[in-house]
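Overview (structure and organization)
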Amino acid sequence: MSAEAARAAVGFYGVQILPRLRAMDPDVRRKMLVEAKSLSGEVTLQHSRGPHRLPGWDAPLSGLQVVTIMVFGLFVELGERQDLCEPLMETWPIADTLLLVDRSSGTG
């Protein structure tokens, strides 16, 4: 999968995953992120179909869904502060995803 296709997939999954990450207990979210980071050291997630399981997530995940959880989980952990997340925002479609999520929830 190309980098551009992976970026698009992370944006697509982010629309579904971001609201759950926002609502998640912070301790559960942190444990999930630690496990996702560990998993990323074991397999190339961009090319992995899974299924992967993370604590606090009720369904099996593809590798790109795990990447999405890592990207948006870190974004939420940093208080959704775009100034702190500039490198993430340059690499991943966070701003576009925020627009879609906030519009669908009526906050944008």
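Our subject in this report is the structure included herewith. Since the model is a prediction, treat every value here as computed from it, not as a measurement.

The next subject is the pattern of salt bridges. Scanning the entire structure with this criterion turns up six salt bridges. For arginine 20, the salt bridge is made with aspartate 58, and the minimal N-O distance between the two is 3.2 Å. Here the residue arginine 20 occupies a position in helix H1 (residues 3-23), and aspartate 58 occupies one in the loop between helix H2 (26-42) and helix H3 (63-77), the gap between them amounting to 38 residues. The exposure class of aspartate 58 is exposed, given its relative accessible area of 60%. With a closest N to O distance of 2.5 Å, arginine 81 and aspartate 83 form a salt bridge. Arginine 81 sits in the partly exposed class, given a relative accessible area of 42%.

Right, let's talk about the packing of H2 against H3 for a bit. Viewed as axis vectors pointing N to C, H2 and H3 meet at an angle of 135°, and their least axial separation amounts to 10 Å. One finds that H2 runs oblique with respect to H3. Of the two possible hands of crossing, H2 and H3 adopt the one that is left-handed. Contacts from Pro26, Arg29, Arg30, Met32, Leu33, Ala36, Lys37, Leu39 and Ser40 in H2 reach Val66, Ile69, Met70, Gly73, Leu74, Val76 and Glu77 in H3. Residue classes in the contact of H2 with H3 are distributed as 10 nonpolar, two polar and four charged.

This next bit is on the packing of aromatic side chains. Under the definition given, this model contains one aromatic pair. Here arginine 20 stacks its cationic end above the ring of tryptophan 57, 3.7 Å away from the centre of that ring.

Further remarks concern unusual backbone geometry. Phi is positive for glutamate 80, close to 55°, though the residue is something other than glycine. Counting through the fold element by element, glutamate 80 comes out in the loop between H3 and helix H4 (86-91). Using a relative accessible area of 26% as the deciding quantity, one classes glutamate 80 as partly exposed.

The subject of this paragraph is the nonpolar core. By size, the foremost hydrophobic cluster in this structure holds 30 residues, and its most contacted members are Leu21, Leu54, Trp57, Ile69 and Ile94. Where this core is concerned, the elements lending two or more residues are H1, H2, H3, H4 and helix H5 (94-105). Residue contributions to this core peak at eight residues, all from H3. Residues within four places of tryptophan 57 in sequence aside, it is in contact with Ile17, Arg20, Leu21, Met24, Met32 and Ile69.

Taken together, the side chains of Leu74, Leu78 and Leu84 present a nonpolar region at the surface, about 230 Å² in accessible area. Positionally, leucine 78 belongs in the loop between H3 and H4.

Looking at where serine 48 falls in the secondary structure, it is placed in the loop between H2 and H3. Taking relative accessible area as the criterion, serine 48 reaches 17% and is therefore assigned buried. If sequence neighbours within four positions are ignored, serine 48 has contacts with Ser62, Gly63 and Leu64.

The rules behind each value
- Residue indices follow the written sequence of each chain, beginning from 1 at its first position.
- Only residues with pLDDT of at least 70 are given local features in this predicted model, and only at 80 or more are side-chain atom pairs given and counted; all residues enter the totals for whole chains, interfaces and linings.
- With hydrogens and water stripped out, all remaining heavy atoms of the structure feed into the side-chain values.
- Throughout this description, the term salt bridge denotes a Lys or Arg side-chain nitrogen within 4 Å of a carboxyl oxygen of Asp or Glu.
- To qualify as a helix, a DSSP run of H or I must reach at least 4 residues; to qualify as a strand, a run of E must reach at least 2; elements of each kind are numbered from the N terminus.
- Remark: exposure states derive from per-residue accessible area (1.4 Å probe, protein chains only) relative to the maximum for the residue type, with buried under 20%, exposed over 50%, and partly exposed in between.
- Each axis is a line fitted through C-alpha atoms, taken for helices only over the stretch in contact, and angles between the N-to-C directions span 0 to 180 degrees.
- Roughly parallel covers angles under 35 degrees, roughly antiparallel covers those over 145, roughly perpendicular covers 65 to 115, and oblique covers all other angles.
- Helix crossings are classified by the rotation of the near helix relative to the far one: an anticlockwise turn of less than a right angle makes the crossing left-handed, while a clockwise turn makes it right-handed.
- We call two residues contacting when some pair of their heavy atoms lies within 4.5 Å.
- When residue character is reported, Ala, Val, Leu, Ile, Met, Phe, Trp, Tyr, Cys and Pro are called nonpolar, Asp, Glu, Lys and Arg charged, and the others, Gly included, polar.
- Side-chain rings of Phe, Tyr and Trp, where Trp is taken by its six-membered ring, are said to pair if the distance between their centres is within 6.5 Å; with planes under 30 degrees apart they count as stacked, over 60 as edge-to-face, and otherwise as tilted.
- Think of it as a cone above the ring: NZ of Lys or CZ of Arg counts as a charge over the ring if it is within 6 Å of the ring centre and within 35 degrees of the ring normal.
- Side-chain atoms within 4.5 Å link the members of a nonpolar core, which is a set of buried Ala, Val, Leu, Ile, Met, Phe, Trp, Tyr and Cys residues.
- Nonpolar side chains (Val, Leu, Ile, Met, Phe, Trp, Tyr) within 5 Å and like charges within 9 Å form the patches, drawn only from residues with over 30% relative accessible area and no salt bridge.
- What sets the accessible areas is the Shrake-Rupley method with a 1.4 Å probe; for residues, cover comes only from the shown protein chains.

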